[in-house]
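# Commentary on secondary and tertiary structure
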Amino acid sequence: MARKWLIFLADLQPILINSLAQKDLAKKWKITTRNLLKVSLAVVIVCLAPEQLLAIAQSTASRSEPQIQAINNPELVQKGRKLYETEQFSEAIKVWQQSLQAYQGQNDVANQAMVLSNLSLAYQQLGQWEAATKAIASSLKLLQATNKNLPILAQALNTQGSLQLALGQPQQALTTWTQATTAYTQAKDKIGIARSLINQSQALQALGLYRRALTSLNAVNQKLQNQPDSLVKIAGLRNLGNALRVVGDLEQSQRILQQSLLLAQKLNSIPDIGATLFSLGNTARAQPNSKAALNYYKQSTTASSGTIKTQAQLNQLGLLVETNQSISAQALLPQIRTEIASLPLSSKAIYAQIDFAQSLQDLSKRTGQGTISLSEIAQLLAKAVNQAQSLGDKRAEAYALSNLGELYEQTEQWENAQQLTEKSLLIAQAINAPEIAYRSSWQLGRVFKAQGNISSAIAAYTESVSLLKSLRNDLVAINPDVQFSFREEVEPVYRGLVDLLLSKNDPKVSQENLIQARAVIESLQLAQLDNFFREACIEANSLVLIDRLADREDQSAAIIYPIILGDRTEVILKLPNAPLTHYTIAKSQPQIEKTLETLRTKLTEPDTVKEVKALSQQVYSWLIQPVEAQIAESKAKTLVFVLDGAFQNIPMAALYDGKQYLIEKYAVALSPGLQLLASESLPQKGLKALTAGLSAAPANSPYPPLPSVKAEFNLIEQAGIKTNQLLDGKFTSKSLAAAMESSGFNIVHIATHGQFSSEAKNTFILASDGEINVKQLDTLLRDANGRQNQRNRNSPNGISLLVLSACETAVGDKRAALGMAGVAIRAGARSTLASLWQIDDEATALFIGEFYRELATSKITKAEALRRAQVRFLKKYPNYSRPSYWGAYVLIGNWL
């Protein structure tokens, strides 16, 4: 699965087309980052180092074309350009150095600056960063003496920006590309302006400013649409399409890339046709549409040459291996061997070899050793190490060493694996390449663990997790489908560390290890939520530690943290004013998940009470029974669960001890993490709710009507809560925004169809004018919180309770609860009441009425109000006593 990484990173490289060329030189090249590809930090790689970063440098943007001047010494400049285009970078450097000497002898400052900028590009292709830095610095120093060469200055600034981004300096790159935009503007170069704005968007993504990046990209798209047809426009559209893929807008990416392809075909630009087909293959692979992706890669191979052809074949091979088409994959190997052998020495060629070695390793694992020679893989990686050393490309060397160490790990040659991995880690640390260092630290931890050196393994895993946390913002802008690959690649690091900290061979786990294990899982959960929204999900302001609530503000709450590992589940318990304790569920992850999946299915089926009780009693025996005496002795009244994995899909209230449901003994709440928004109890008087809902489905809608929504709103008012109602046609996205703008309220109650999904694009609520996506809802609710905070500075607490009474989690989506947690956290509400599945319309209205009656008339917590409503349904409503009616509702966030 790691192989999918490179396709999303590929092509996101700064556009550096020559604005002084005698003709439009928009032949492009595409990046290939084949998996830092195992590293999952795809976005980091692209953002921090488009070319070097374990990428076989080829960009979807327009090719980094060296500049050419028709005057003075044109033959050498032209010869260098041709060598550069054929990827003979070392030879191009030699020629341009001769050209530079000639221009120096003529005291031609402008052409010296131009050639130095070209030299920096070539050095970047070889991974010779010190030489690249020196060359572009000299170019800019020459240009500072005159303001008469704006086109050359703009190009040189673009070159400097690409170098800064490659060296992990996104803020400096953004500043430089902003200066390039100014230079292009002064030169009245509209295409240059568009290029530099696209470059800026890449720097913004590297800084975690994804919304600003998308705004910039959309502006660029509008500018490009108004430009005449040209090779530059083809390149710009392709770069935009690739950028949209990286940030997850796959449909728009496909549309823009199709525009680029049609234009390339119209102008009969064969190189652009090949490059754009490659990009379309990457987007199809992300959707995921393997059949279409393979077809695009095949077409690209036919239309391309050089690196793009090689990378198209490598991506085709990786996808064939990934989809278990082993025979077709093996048939492709001879062609790829020939292509790679013919590549001139460069960083691209090195990464192509590493990429090929990774595919061969994966193929060997799937088909069995013997079909693929491990010695061939080792020779490819050793050659890559040697070539990287000869070029002085430290990143490529570190990456190749890491892969070679992994090969020795797989063959259980531990001493060699350790030496190679340690060398990779030292280089990665020295050049500040955390995306490589994290992987090498993880690998080193596995090697130490295999050798029984647990303390060293914990240290290595801890370092890997620390690096991942530092890269948190850079992991956000990943396509939703890739997020699953990310979790498959990165999640094992977190869980592996917890496995070591809570060793089943250690009967007495220290408090220090328990605290660290809890924090590690918290980091993973935050990363998942960040990925859901593509930006940091929780800000530190107004947050309190959940332990503080249990120890100080509510000493009747017990907190339970189950953590799913491969061969068992560890559970950590926090009782009020007591140290952490832990216990083990001796069931493997597949066993746990199978039981929970069956229980979830039975909960929503009619006439399955007997099966539900049996299954929920099994889960009760895992989570509660081992510590039920301790919980009882602590006099806890509320159980707060910080759930992991498949446990998130199960209502804890419905757990059964053989006589009673859990909700009959305790109030139950869920927390998405160790930190919550500061507590605030709802006032018993003066409650005001904004209520919005649909009793009738919109025209041509597949959703059934919800006629009891009107009764639901009436029951809320009967409970003594003042409401501002938006019903049916009055409930639109605009009216909801306007109501939030003008009204002060404690509660937002939305009664309409909706869905929670692990993908933000599939998480929404339905208004009369269509779906309101979770990000739109997030903006509305956060803006409302901000305005209320401004109106009441003495109590800047915003919305206390968000209720989503008719939503459900997406069917078949095992991580759908992530969408519910995302909505709950980003809404800014202290608590969110939502349903895991949709229940009977009339039952919903009655249940909501009971909940609000308890909330408004009794001085109790929100969790206790929910408990009383659930128990009342269980005991006083015979038609709705099954858990499928009352168990669906969960309270997320602050339970007070």
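The structure under discussion appears in the preceding block.
Now for a description of the structure that goes with this document. Everything numeric here is computed off the predicted structure, so don't read it as measured data.

Quick notes on the rules
- Residues numbered from 1 in each chain as written.
- Predicted model: local features only at pLDDT ≥ 70, side-chain atom pairs only at ≥ 80, totals over all residues.
- Heavy atoms only, no water.
- Buried < 20%, exposed > 50% of the residue type's maximum accessible area, 1.4 Å probe, protein only.
- Helix = DSSP H or I, 4+ residues; strand = E, 2+ residues; numbered from the N terminus.
- Pairing = 2+ DSSP bridges.
- Salt bridge = Lys/Arg side-chain N within 4 Å of Asp/Glu carboxyl O.
- Axes fitted to C-alpha atoms, helices over the stretch in contact; angles between N-to-C directions.
- Phe/Tyr/Trp six-rings, centres within 6.5 Å; stacked < 30°, edge-to-face > 60°.
- Parallel < 35°, antiparallel > 145°, perpendicular 65-115°, else oblique.
- Left-handed = near helix turned anticlockwise from the far one by under 90°.
- Contact = heavy atoms within 4.5 Å.
- Polar contact = N/O pair within 3.5 Å; in protein donor to acceptor, adjacent residues only side chain to side chain.
- Core = buried A, V, L, I, M, F, W, Y, C linked by side-chain atoms within 4.5 Å.

## A few points about the pairing of strand β5 (residues 638-641)
Side-chain alternation along β5 places Thr638 and Val640 on one buried face and Leu639 and Phe641 on a second face that is also buried. Inspection of the sheet shows strand β2 (residues 557-564) paired to β5 by 4 bridges, in the parallel sense. Of the residues in β5, the one forming a bridge with isoleucine 560 is phenylalanine 641. With 4 bridges connecting them, β5 and strand β6 (residues 667-670) associate as parallel partners. By the bridge assignment, phenylalanine 641 is partnered in β6 with leucine 670.

## Quick look at the pattern of salt bridges
Tallied over the entire structure, the rule returns 28 salt bridges. Here aspartate 644 ties to arginine 495 by a salt bridge, and the two come within 2.7 Å at their closest N and O atoms. Placement of the pair is aspartate 644 in the loop between β5 and β6 and arginine 495 in helix α23 (residues 480-501), with a sequence separation of 149 residues. Taken individually, aspartate 644 and arginine 495 each receive the classification buried, so the pair is uniform in this respect. A salt bridge links lysine 602 to glutamate 605; the nearest nitrogen and oxygen atoms lie 3.8 Å apart. Given the relative accessible area of 25%, lysine 602 is considered partly exposed. Salt bridges sharing partners connect three or more residues here, namely Glu850, Arg853, Glu854, Glu864, Arg867, Arg868 and Arg872.

## Considerations on the sheet that holds strand β11 (residues 754-756)
Pairing in this open sheet of 4 strands is mixed, and the strands run β13-β12-β11-β15 from one edge to the other. The open sheet is flanked by β13 (770-773) and β15 (807-809), the only strands paired with a single partner. Strand after strand, the sheet turns through a mean of 25° between neighbouring axes, direction not considered. One ladder, built from 3 bridges, connects β11 with β15; its direction is parallel. Following the sheet pairing, glycine 754 is matched in β15 by cysteine 807.

## A word on the packing of aromatic side chains
Aromatic ring pairs are described here by two measures, namely the spacing of the ring centres and the angle between the planes. Per the counting criterion, the structure on display carries 12 aromatic pairs. Measuring from centroid to centroid gives 5.2 Å for tyrosine 84 and phenylalanine 89, while their planes differ by 75°, and the two rings are edge-to-face. According to the relative accessible area criterion, tyrosine 84 is buried, its value standing at 1%. Between phenylalanine 278 and tyrosine 297, the aromatic rings sit 5.7 Å apart at their centres with planes inclined by 55°, giving tilted as the arrangement. Residue phenylalanine 278 is found in helix α13 (residues 270-286), and its partner tyrosine 297 is found in helix α14 (residues 290-303); the two are separated by 19 residues along the sequence.

## Section: the packing of helix α7 (residues 150-166) against helix α8 (residues 170-186)
α8 packs onto α7 with a crossing angle of 165° between their chain directions and a minimal axis gap of 8 Å. Classified by the interaxial angle, the pair formed by α7 and α8 is roughly antiparallel. α8 is crossed by α7, and the crossing has left-handed handedness. Each of Leu150, Ala154, Gln155, Leu157, Asn158, Gln160, Gly161, Ser162, Gln164 and Leu165 in α7 lies in contact with α8, whose residues at this interface are Pro170, Gln172, Ala173, Thr176, Trp177, Gln179, Ala180, Ala183, Tyr184 and Gln186.

## Observations regarding unusual backbone geometry
Backbone phi values are negative for most residues with the exception of glycine, while trans is the configuration of most peptide bonds. With an omega of -10°, the peptide bond between glutamine 287 and proline 288 qualifies as cis. Among the secondary structure elements, proline 288 is positioned in the loop between α13 and α14. Although it is not a glycine, glutamate 412 adopts a positive phi angle of roughly 60°. Following the sequence through the fold, glutamate 412 ends up in the loop between α19 (394-410) and α20 (414-430). Residue classification places glutamate 412 among the exposed positions, given a relative accessible area of 55%. Positive phi is not limited to glycine here, since aspartate 728 has a value of about 55°. Note on placement: aspartate 728 falls in the loop between β9 (722-727) and α30 (733-742). The exposure class of aspartate 728 is buried, given its relative accessible area of 18%.

## Comments concerning the environment of serine 260
Along the chain, serine 260 turns up in helix α12 (residues 250-266). Sequence separation between serine 260 and leucine 237 is 23 residues, and the spatial gap between their C-alpha atoms is 5.5 Å. In this view, serine 260 contacts Ile234, Leu237, Arg238 and Thr276; residues no more than four positions away in its chain are not counted. A polar contact of 3.4 Å, which involves the side chain of serine 260, links it to the side chain of threonine 276.

## Comments concerning the packing of α19 against α20
Their axes nearest at 8 Å, the elements α19 and α20 cross at an angle of 160°. By the criterion of interaxial angle, the relationship of α19 to α20 is roughly antiparallel. Crossing of α19 over α20 shows left-handed handedness. For the pair formed by α19 and α20, the contact residues are Lys394, Glu397, Ala398, Leu401, Ser402, Leu404, Gly405, Tyr408 and Glu409 on the first element and Trp414, Asn416, Ala417, Leu420, Thr421, Lys423, Ser424, Ile427 and Ala428 on the second.

## A word on the nonpolar core
Looking at soluble globular proteins, one finds that nonpolar side chains tend to be buried together. Core analysis: the largest hydrophobic core is formed by 238 residues, its most contacted members being Phe641, Phe731, Leu736, Tyr852 and Trp895. Not counting the four nearest positions on each side in its chain, leucine 736 is found in contact with Leu690, Ala692, Leu726, Phe731, Ile772, Leu777 and Leu780. In terms of nonpolar packing, the next biggest core, distinct from the first, is built from 15 residues, Ile193, Leu197, Val220 and Leu224 among them.

No statement about biological role is implied by the geometric values presented.
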